[in-house]
Each structure stands twice: as C-alpha cells, then as structure tokens.
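Remarks on the overall topology
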Amino acid sequence: MRNNTIEFFLALVRFGIGHQKGNFPYDTDWSAIEIMAEQQGLSAIIVDGLEKIQEDKRPPKEQLLQWIGTVLQEYEYRYDCYRKAIAELAGWYNAHGFKMMVLKGYSCSMDWPKPEHRPCGDIDIWLFGKQKEADNLLEKEKKIKVEGDQHHHTIFYWNDFMVENHYDFINVHAHRSSRKLESIFKEMGSDDSHFFVLNGEKLYLPSPNFHALFLIRHAASHFAAEGINLRQVLDWAFFVEKHTKEINWPWLISLLEKYHMKDFYNCINAICVEDLGFPVNMFTEVQFYPNLKERILNDILMPQYEHEPPDSLIPRLFFKWKRWRDNEWKRELCYKEGGLSSFATGMWAHIMKPKSI
C-alpha cells in the first residue's frame, strides 16, 4: 500500500516532466523525498518539479539550494563532461577507421526534455563488430588498460568515465533465450543509417526498432536479477514519446510475446500512464493486471534489497542466493526459461567469469 511520501514523490516527478499542475494536498518528509530521488536517479527531475509548485509546499530554502547545487554539479556539469568525453572518444575511433555507436545512457538522454537532467554513468558503445581490433589498438597506441573479465563487453576508462565496449549486446550466457535475441540484435546492430554529429564528430545511434527491443530486454533482465529504478521507466517513456511512429509495433509485440516479456512490457506502459502521466494513446496497448503492475511499481520504489551485496565471499554468496530465490516471481515474469534452467545457465556464466560473482 502506498504511503504519502510515495504519492508526493510521484506527483513531483509528474510536475518535473510537465504532466501535472495544481496544488499539493499535504506536506511531506523532505529527507525521505531526497533519498528516494537519489535512489531513483531523479534528483534533477524533482528539482524541476519543485520549481512548479507553490512556495509554501517547497522544502526549506537551505535544503532546496543544496538540491539545486547537487543538480548543477552532479547532473549538468557532469553531463557536459560526459558529452565531451564521448565526442573525444568518437574522434579517436573515427581517426582510426572505426564507427562508434552509443548505447543506453547517452542515446536515452537525447530523448529526455532536458538531456542534462538524466543522470549519466558509463559510456556504452558498439563498434560494429570491431571491438577486439579497436581494444588492441587502444592498448598499443594510448597505453590504456582494457579489462575483459565481464560478460558481453570489455572495460576501460576514458577521461575518468568508464567505457563498456560491447562485443555482445546482452549476456548470452545467463539465459538460453538471450542467445536467440542476440542474433537479432547483431543483425540490427549492423544498421549505420542513424547518425548525428557531436562536437564535430560523427556518431551512430541504434535504429528505433533495435532500441525499442533493447530497452525492454535490458530493463527486464535488470528487474529480474536485481531491480530497476524509475529513471529506466522514464527512458522507455521518453523514447516512445519521441519515436513511436518509427517503431514497427506488430514486429515488436510479436517478439515480446515469443520471449515472454509481454506482461512486463504492459505493466511498464501502465506505470507510464497511470503514475507518470503519459497519454495512453502514446502506446499501442496498455492492458495489464492491476495487482501485478502495483507489485512491480512497489519493487521499483521500495526494493526488498536496497543495499549492495557484502564484499566478503561467503556473505556475498548467501546474499545473492537469497535474492535469487526471492526474485523467482520476477524471473517467471521476464523469462521463458524455468527456474532450474535459469539457475544452471546463471551458474555457468559465473564460472566463466568469476569476477561477476
């Protein structure tokens, strides 16, 4: 059951993205709102919302100024550095004959009303199948260490930003269905017809069909394994708002049905409409089970496992086992495979890459 803090938080999010006007009917615990905003990756959106409500409903001036300072430093200034790093990295690849596609973070931010108010983290890239050659040249010429102990991408640092250089789009070792989906992503990932220029450098974007399928699969896999935040839901909503006419919806729905993601997809759409204020006609369909939708939203806003796993091996293994067991309902929602199959493939994936434990 929702409490006043959650209702107030969701109202502020709606105000922040321009989907609600009016007065707030009650006061709230601003410290709790601040913590929730940080956890959900929406501190900047909440500040945008606070600018649109009546002054007597805002937090104390000192606290509000602190929030604004955080947004300027950790969102807007960092986003500017993020864009510059992406452009410089693309410039290096372009100069050496590699094409660079940006995935996830930056490509999602371009659909937000204020791109600089989406938190930026890693730089996720796809080099059209040339990841290995590019990594070798990067190590040789730039003396940058490239780490290869993660599934589906290598890691290096560029201008203090971690770069995930993908050789697969999803982890093909964790679930059998991922291997078949990966072949679809690889085929679509060869499309270089969607590009833009940033600081004089040419970069590529996923096609709308690719991005639609990828966003849902990526969110579903994170939700089933650990959890997602409301920022990821907004990534999907803003993407659909901007690209809905470019998406082949019958094709997408058929794949979501085939790979058992349709109910998850419907509930995410329902959250976008019922709780975030997006128009229902923006989506092809919003048919869902109300109780399931509320359970997903509650898990997003009040996750059972809020903290990170312990550092010590045995407590860490116990933590992950308990979380895996308690997340059975999520796996049943998001994957076609049964529990035993998921456990076996997941264990093998960890054996292949022990640092992923």
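First things first, this report covers the structure right here in the doc.

What counts and how
- Residues numbered from 1 in each chain as written.
- Predicted model: local features only at pLDDT ≥ 70, side-chain atom pairs only at ≥ 80, totals over all residues.
- Heavy atoms only, no water.
- Buried < 20%, exposed > 50% of the residue type's maximum accessible area, 1.4 Å probe, protein only.
- Helix = DSSP H or I, 4+ residues; strand = E, 2+ residues; numbered from the N terminus.
- Arc of directions from axis to C-beta.
- Contact = heavy atoms within 4.5 Å.
- Polar contact = N/O pair within 3.5 Å; in protein donor to acceptor, adjacent residues only side chain to side chain.
- 1 Å grid on protein atoms, 1.4 Å probe; cavity = no way out; pocket = protein on both sides within 12 Å on 5 of 7 lines; lining within 4 Å.
- Points joined across faces, edges and corners; volume = space filled by probe spheres on them.
- Nonpolar A, V, L, I, M, F, W, Y, C, P; charged D, E, K, R; others polar.
- Phe/Tyr/Trp six-rings, centres within 6.5 Å; stacked < 30°, edge-to-face > 60°.
- Core = buried A, V, L, I, M, F, W, Y, C linked by side-chain atoms within 4.5 Å.

To continue, consider helix H10 (residues 249-258). Every buried residue of H10 is listed here: Trp249, Leu252, Ile253, Leu255 and Leu256. Looking straight down H10, one finds its buried side chains confined to an arc of 160 degrees; they lie on one side. Of the exposed residues in H10, the ones pointing more than 90 degrees away from its buried face are Pro250 and Lys258. Where the residues of H10 are buried, they touch helix H7 (176-188), helix H8 (208-225), helix H9 (230-243) and helix H11 (262-275). Two or three places before tryptophan 251, at the opening of H10, asparagine 248 has a side-chain oxygen 3.2 Å from that residue's backbone nitrogen. A positive phi of about 65 degrees marks histidine 260, the residue just after H10.

Here we come to empty space enclosed by the protein. Under the definition given, this model contains one cavity of 30 Å³ or more. Volume-wise, the largest cavity comes out at about 50 Å³. Forming the boundary of the largest cavity are Leu215, Ile216, Ala219, Ile228, Gln232, Val233, Trp236, Phe264 and Ile268. Listed by contribution, the elements that provide at least two residues to the lining of the largest cavity are H8, H9 and H11. Its residues assigned to classes, the lining of the largest cavity shows eight nonpolar, one polar and no charged.

Evaluated as defined, the whole model comprises 24 aromatic pairs. Judged by centre distance (5.8 Å) and plane angle (25 degrees), the rings of phenylalanine 210 and phenylalanine 214 are stacked. Separated by four residues within a single helix, phenylalanine 210 and phenylalanine 214 lie in helix H8, roughly one turn from each other. The burial state of phenylalanine 210 is the same as that of phenylalanine 214; both residues are buried. With a centroid separation of 6.0 Å and an interplanar angle of 40 degrees, the aromatic rings of tryptophan 236 and phenylalanine 239 are classed as tilted. Taken together, the residues tryptophan 236 and phenylalanine 239, both in helix H9 and three residues apart, mark about one turn of the helix.

Let us look at the nonpolar core. Among the nonpolar cores identified, the biggest contains 82 residues, and Phe9, Leu230, Trp236, Phe264, Phe278 and Ile296 are the most heavily contacted of them. Among the elements that line this core, the one with the most residues is H8, at 10 residues. Ignoring any residue separated from it by four or fewer positions in sequence, one finds phenylalanine 278 in contact with Ile17, His19, Leu234, Ala237, Phe238, Glu241, Cys272, Val273 and Phe283. Counting 29 residues, the second-largest nonpolar core is a separate cluster that includes Trp92, Cys120, Ile123 and Ile125.

On their own, these measurements won't tell you what the molecule is for.
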